[in-house]
Amino acid sequence: MSDRELYLSYGLQAVDAKGRVAVPAKLRSVLEKNADARELLIKRHGKHVCLSAFDTAWPKILYSRRPQGSDEDVDTDYNVAGKAFGNLESAPFDSAGRFVLPTFYRRRAKIDKWAFFHGRGDTFNIWDPFTLIADTEIDTDTRELCEFLMEEKGLQ
């Protein structure tokens, strides 16, 4: 596991009417290094109105880290295991990093015409930029970075 790359970058990308968007190049290269398929997995973030995304190898690592003898071993906590492993959507991407945001997840994260990608180490988040800026629980630096990218694209 020590040879895994970390998701360390960010970007603001246009989303077309069909939900197609491109993963920023730095994040895409990590996706390609961490898994053997051009596919990412997406789920709702547990706390914020955004999406959490990661390579296909990440769920196996999470599963191997679960405490031995935990309730999940006997599958008594359906909600915990379901949210971690069942409530995922697969999204194949092309060589340019383009993929289709699944409709359910796109709607739940309120992503419309723009998507802000933000590296989180083992994962990255995908936000509607206006939602991120309005979320006062997000640190000021991240909100200011998103605002700056929006200004550069003429969105404010």
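See the structure shown above.
Reading the values: rules and limits
Residues numbered from 1 in each chain as written. Predicted model: local features only at pLDDT ≥ 70, side-chain atom pairs only at ≥ 80, totals over all residues. Heavy atoms only, no water. Helix = DSSP H or I, 4+ residues; strand = E, 2+ residues; numbered from the N terminus. Buried < 20%, exposed > 50% of the residue type's maximum accessible area, 1.4 Å probe, protein only. Contact = heavy atoms within 4.5 Å. Areas by Shrake-Rupley, 256 points an atom, 1.4 Å probe, with all protein chains shown as cover. Pairing = 2+ DSSP bridges. Axes fitted to C-alpha atoms, helices over the stretch in contact; angles between N-to-C directions. Salt bridge = Lys/Arg side-chain N within 4 Å of Asp/Glu carboxyl O.

Draft legend 1. Local environment of the overall build of the protein. Regarding its fold elements, the protein presents 6 helices and 8 strands. Secondary structure elements of the protein occur, N-terminal to C-terminal, as β-β-α-β-β-α-α-β-β-α-β-β-α-α. When the 156 residues of the protein are sorted by exposure, 44% land in the buried category. Contacts spanning at least 24 positions in sequence make up 61% of the contacts within the protein whose residues lie at least 6 apart. Here the protein has roughly 9000 Å² of accessible surface; of this, 48% comes from carbon and sulfur atoms.

Draft legend 2. Structural detail: the side chain of His 118. As for its position among the elements, His 118 is in strand S7 (residues 114–119). Using a relative accessible area of 15% as the deciding quantity, one classes His 118 as buried. When near neighbours in sequence (up to four residues on either side) are disregarded, His 118 contacts Ser 9, Tyr 10, Phe 124, Asn 125 and Thr 142.

Draft legend 3. Spatial organisation of the sheet that holds strand S1 (residues 10–14). In space, the 6 strands of this open sheet follow the order S1-S7-S8-S4-S3-S5, with antiparallel pairing throughout. The sheet is open, and its two edges are formed by S1 and strand S5 (89–92), each paired on a single side. If you compare each strand with its neighbour and ignore which way they point, the axes differ by 30 degrees on average. By the bridge criterion, 3 bridges tie strand S4 (residues 51–55) to strand S8 (residues 124–127) in an arrangement that is antiparallel. Paired with Ser 52 across the bridge in S8 is Asn 125.

Draft legend 4. Spatial organisation of the pattern of salt bridges. This structure, assessed with the given rule, holds 5 salt bridges. Measuring nitrogen to oxygen at the nearest pair gives 2.8 Å for the salt bridge that ties Arg 4 to Asp 55. Here the residue Arg 4 occupies a position in the segment before S1, and Asp 55 occupies one in strand S4, the gap between them amounting to 51 residues. Glu 137 is the salt-bridge partner of Lys 47, the closest N and O atoms lying 3.2 Å from each other. Remark: Glu 137 occurs in the loop between helix H5 (129–134) and helix H6 (140–152) and Lys 47 occurs in the loop between strand S3 (39–44) and S4; sequence separation between them is 90 residues. Lys 47 gets classed as exposed once you look at its relative accessible area, which sits at 62%. Assessed through its relative accessible area of 54%, Glu 137 is described here as exposed.

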